[in-house]
Amino acid sequence: QVQLVESGGGLVQAGDSLRLSCAVSGRYAMGWFRQAPGKAREFVATITWPGGTTYYGDSVKGRFTISRDNAENTVYLQMNSLKPEDTAVYYCAATTRPGNYYYTRTGDYNSWGQGTQVTVSS
C-alpha cells in the first residue's frame, strides 16, 4: 500500500512563497491537487518517474514548480507569488500507472495524502 505524508502548509500573505513536501513510500508518477471549500478538486501539477517531466494547471503555470528528490522519495511543490485564490487544501497523489507519463485527472491516481491547508491572506 502506498503511503503519502504531506507537510509544509500554513498561513501566508499574498505574494509570499511556500513549499509543500510529500514523502512517498515508493517510485511513482506523482501529482498535486487542491480543493477549496465548495469546489471540486483541481489539478495543480504532475511529475513523471524517474525522468521528472512536469506539467501544470493553467492557474499555477509560471508560479508553481513541482520537483522530486528520487533518493529521498520526496516530491515538492514550490509555490511563489501566492494569491488569495490559491487558498485550499493541497493533496499529493501517487499513481501505479506507468511512471513515464503524466496524469492530470483525479481518477488517474489511486493513493492520496491526508491534505495540508494553505491559506493566503490578501
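Residues numbered from 1 in each chain as written. Predicted model: local features only at pLDDT ≥ 70, side-chain atom pairs only at ≥ 80, totals over all residues. Heavy atoms only, no water.

Caption draft 1: Layout of the sheet that holds strand β3 (residues 18-24). Taken together, the four strands give an open sheet; going across it, the order is β1-β3-β8-β7, and neighbouring strands pair in antiparallel fashion. Of all strands in the sheet, those with a lone pairing partner are β1 (4-7) and β7 (64-69), marking the two edges. The sheet shows a mean angle of 15 degrees between the axes of neighbouring strands, direction not considered. With six bridges connecting them, β7 and strand β8 (residues 74-79) associate as antiparallel partners. Paired with Ile66 across the strands is Leu77, a residue of β8. (Pairing = 2+ DSSP bridges. Helix = DSSP H or I, 4+ residues; strand = E, 2+ residues; numbered from the N terminus. Axes fitted to C-alpha atoms, helices over the stretch in contact; angles between N-to-C directions.)

Caption draft 2: Seen up close, the nonpolar core. Residues Met30, Trp32, Leu77, Met79 and Tyr90 are the most contacted members of the largest nonpolar core, which totals 28 residues. The set of elements that each furnish at least two residues to this core consists of β3, β4 (29-35), β5 (42-47), β7, β8, β9 (88-95) and β11 (116-121). For Leu77, the contacting residues outside a window of four places in its chain are Leu18, Arg19, Leu20, Trp32, Val44, Ala45, Phe64, Thr65, Ile66 and Tyr90. (Core = buried A, V, L, I, M, F, W, Y, C linked by side-chain atoms within 4.5 Å. Buried < 20%, exposed > 50% of the residue type's maximum accessible area, 1.4 Å probe, protein only. Contact = heavy atoms within 4.5 Å.)

Caption draft 3: Highlighting the pattern of salt bridges. Applying the stated criterion across every chain, the model contains six salt bridges. The salt bridge involving Asp86 is made with Arg34; its shortest N-O contact spans 2.9 Å. With Asp86 in the loop between β8 and β9 and Arg34 in strand β4, this residue pair connects regions lying 52 residues apart in the sequence. (Salt bridge = Lys/Arg side-chain N within 4 Å of Asp/Glu carboxyl O.)

Caption draft 4: Just the packing of aromatic side chains, in detail. Here the structure, examined in full by the defined rule, presents seven aromatic pairs. Geometrically, the ring pair formed by Phe33 and Phe43 is edge-to-face, given 5.7 Å between the ring centres and 70 degrees between the ring planes. Here the residue Phe33 occupies a position in strand β4, and Phe43 occupies one in strand β5, the gap between them amounting to 10 residues. Grouping residues by exposure puts Phe33 and Phe43 together as buried. Ring geometry for Tyr103 against Tyr109: centres 6.5 Å apart, planes inclined by 85 degrees, an arrangement best described as edge-to-face. For Tyr103, a relative accessible area of 8% gives the class buried. One aromatic cluster is present, formed by Phe33, Phe43, Tyr55, Tyr102, Tyr103, Tyr109 and Trp112 through successive ring pairs. (Phe/Tyr/Trp six-rings, centres within 6.5 Å; stacked < 30°, edge-to-face > 60°.)

Caption draft 5: How the structure looks around the side chain of Arg34. Overall, the relative accessible area of 6% leaves Arg34 in the buried class. Reaching out from Arg34, the side chain makes a polar contact with the side chain of Asp86 at a distance of 2.9 Å. Once residues within four sequence positions are removed from consideration, Arg34 is found in contact with Ala40, Arg41, Glu42, Val44, Ser59, Val60, Phe64, Glu85, Asp86, Ala88, Val89 and Tyr90. (Polar contact = N/O pair within 3.5 Å; in protein donor to acceptor, adjacent residues only side chain to side chain.)

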